[in-house]
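Coordinates in review
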Amino acid sequence: MSSSISRIVSNWAPRLRFMSLTGVCAFALALVILGPRPAVAQEEAASTEIEYAVPSELAAESLLLDATYAGDRLVAVGEFGHVVLSDDRGVTWTQAKSVPTQATLTGVTFANKDLGFAVGHDATVIRTKDGGENWELVYNDTESEMAFMTVYFENENRGFAMGAFSFMVETNDGGETWEERSLSDGLLDDYHLNKLFADKDGDLFIAAEFGVVYHSTDKGRTFNRIQTQYEGSFWGGFGMADGSVMVFGMRGNAFRSFDKGATWQKVETGTDKSIAGGVQLGSGKIVLVGLQGYVGYSENAGKSFTEVTRADRLGYAAVTDGPEGQIVVFGEPGAKVMPDDMEKAREEVGAKITAVVGDDNS
């Protein structure tokens, strides 16, 4: 057994027990991945019979974990290999015609309106060249039980997929071939890498476990570890128009940096519910989503948030711009449209809640 696999096995049990205590719902359980690192994943992909996602009229009403725009088209991914498409900003949805996996898909990105990539369990990477209608399997290891949690492309050729236990692969030819690599030479961390994103200047950041954020100033060729003042897991993050970045995760904890991660300021999220997704809308408004129906609205450029708890009390993992005056939230019940205005949202989908925010170390 290699030293890296030994380290993973020795650390797995206590970390799984820790995560079981966080009260995560179905979509967050996708973050708990078991198993050793994949070996020759591309060779196995060629020799394994491919199972395609099954057409379902309820695909857009089942668990969806991530979403992004491909030009004017909204593309969301989730369980059972579901990929759903909307050409009216989330009002109506159709299912992709051909998706060569039934694995849970956890992340999606597009390099342009046609070329996109989605990742998920079983170290799965799929690619589309027609805006999400049809997909092909370009990386897979069904035996490893590892998972990719996030995907990012710098351009049409160069991109990364990463996830459990710091497992990471890189492509420099648009997904034709992939190479396993570490975050940086000499960096032996095995934290779950939950979200890779860029700031306004193109610096890359990774939201990870145990209050760790990784930062790259060279387009992902190397990463530096940053230990924040928080000790819990970060599940997501994004860059903002003013150049700052925000990361967020367990028990309503969110932190913001205005200096490339050198220092972090705690953000008042108005909740003690765990936060899984967030976005700065085209209007400039900032919205966060998470467990137990949490939707957080900021009217002051992300300095603080007010909670609107959806009446369904379900878990949400991602949020995007929607039709005019609306947002689309994605999670356990699929894709749901709701107002981008806090007061209108309270009237339509729930009640504004004043929650006790957990301590920095909770």
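Residues numbered from 1 in each chain as written. Predicted model: local features only at pLDDT ≥ 70, side-chain atom pairs only at ≥ 80, totals over all residues. Heavy atoms only, no water.

This brings us to the overall build of the protein. Across its full length, the protein holds 3 helices and 28 strands. Burial status across the protein gives 57% buried among its 362 residues. Across the protein, every contact between residues at least 6 apart in sequence was considered, and the portion connecting residues at least 24 apart equals 50%. Within the structure as shown, the protein displays about 14,600 Å² of accessible surface, and the carbon and sulfur contribution to it stands at 49%. (Helix = DSSP H or I, 4+ residues; strand = E, 2+ residues; numbered from the N terminus. Buried < 20%, exposed > 50% of the residue type's maximum accessible area, 1.4 Å probe, protein only. Contact = heavy atoms within 4.5 Å. Areas by Shrake-Rupley, 256 points an atom, 1.4 Å probe, with all protein chains shown as cover.)

Now for unusual backbone geometry. The phi torsion of most residues other than glycine is negative, and most of the peptide bonds are trans. Of note in this structure, Ala-123 is not a glycine but carries a positive phi near 45°. On the secondary structure map, Ala-123 appears in the loop between strand E6 (116–120) and strand E7 (124–128). Positive phi values are uncommon outside glycine, yet Ser-166 reaches one of about 60°. Positionally, Ser-166 belongs in the loop between strand E10 (159–163) and strand E11 (168–171). Judged by its relative accessible area of 6%, Ser-166 is buried.

Below, the discussion takes up the environment of Val-212. Mapping Val-212 onto the fold places it in strand E15 (residues 212–216). Note: C-alpha distance between Val-212 and Gln-229 (17 residues apart in sequence) is 9.1 Å.

As a volume, the largest pocket reaches approximately 1,000 Å³. Residue lining of the largest pocket: 42 residues in total, with Asp-66, Ala-67, Lys-195, Gly-237 and Gly-278 positioned closest to the centre. Within the lining of the largest pocket, the residues separate by chemical class into 23 nonpolar, 14 polar and 5 charged. (1 Å grid on protein atoms, 1.4 Å probe; cavity = no way out; pocket = protein on both sides within 12 Å on 5 of 7 lines; lining within 4 Å. Points joined across faces, edges and corners; volume = space filled by probe spheres on them. Nonpolar A, V, L, I, M, F, W, Y, C, P; charged D, E, K, R; others polar.)

Of all the positions in helix H3 (residues 342–349), only Met-342, Ala-345 and Val-349 are classed as buried. Seen end-on, H3 carries its buried residues on one side only, within an arc spanning 60°. In H3, the exposed positions angled more than 90 degrees off the buried face are occupied by Lys-344 and Glu-347. Here H3 starts with a cap whose side-chain oxygen sits 3.1 Å from the backbone nitrogen of Glu-343, and that cap is Asp-341. (Arc of directions from axis to C-beta. Polar contact = N/O pair within 3.5 Å; in protein donor to acceptor, adjacent residues only side chain to side chain.)

With that settled, the discussion passes to the pattern of salt bridges. The full count for this structure, using the stated rule, is 17 salt bridges. As a salt-bridge pair, Arg-127 and Glu-176 come within 3.0 Å of each other at their nearest N and O atoms. Linking Arg-127 in strand E7 with Glu-176 in the loop between E11 and strand E12 (179–180), this pair joins segments that are 49 residues apart in sequence. According to the relative accessible area criterion, Arg-127 is buried, its value standing at 4%. The partner of Arg-158 in a salt bridge is Glu-170, and the shortest N-O contact between them spans 3.2 Å. In this pair, Arg-158 is assigned in the loop between strand E9 (148–153) and E10 and Glu-170 in strand E11, connecting sequence segments 12 residues apart. Assigned by exposure class, Arg-158 and Glu-170 land together as buried. (Salt bridge = Lys/Arg side-chain N within 4 Å of Asp/Glu carboxyl O.)

On to the nonpolar core, then. As a rule of thumb, nonpolar side chains are buried together in soluble globular proteins. Formed by 17 residues in total, the largest nonpolar core has its most connected members in Val-125, Tyr-139, Phe-148 and Trp-178. Per-element accounting of this core gives the leading share, 3 residues, to E9. If we skip the residues at most four places from it in the chain, Val-125 touches Phe-117, Ala-118, Val-119, Glu-136, Leu-137, Val-138, Tyr-139, Phe-148, Ala-161 and Trp-178. (Core = buried A, V, L, I, M, F, W, Y, C linked by side-chain atoms within 4.5 Å.)

Residue-level pLDDT values for the protein average 87, and 84% of them are 70 or greater. Segment residues 1–47: pLDDT under 50, and 97 contacts once partners within four positions in sequence are set aside and those in other chains are kept. Per-residue pLDDT stays below 50 along residues 355–362; that stretch engages in 23 contacts with residues further than four places along the chain or on separate chains. (pLDDT = per-residue confidence, 0-100.)

On to the packing of aromatic side chains. For the coordinates displayed, the defined rule picks out 14 aromatic pairs. On the basis of an interplanar angle of 70° and a centroid distance of 6.4 Å, the ring pair of Tyr-139 and Trp-178 is categorised as edge-to-face. Remark: Trp-178 occurs in the loop between E11 and E12 and Tyr-139 occurs in strand E8 (residues 135–139); sequence separation between them is 39 residues. Here a set of aromatic residues connected by ring pairs shows up, and it is made of Phe-117, Tyr-139, Phe-148, Phe-153, Phe-167 and Trp-178. (Phe/Tyr/Trp six-rings, centres within 6.5 Å; stacked < 30°, edge-to-face > 60°.)

Overall, antiparallel pairing links the 3 strands, which are arranged E25-E26-E27 in an open sheet. A single partner strand is all that each edge strand has here, and the edge strands are strand E25 (316–321) and strand E27 (334–339). Within the sheet, the average angular offset between the axes of one strand and its neighbour, ignoring direction, is 25°. The pairing of E25 with strand E26 (residues 326–331) spans 5 bridges and is antiparallel. Across the sheet, the residue bridging to Tyr-316 is Gly-331, located in E26. (Pairing = 2+ DSSP bridges. Axes fitted to C-alpha atoms, helices over the stretch in contact; angles between N-to-C directions.)

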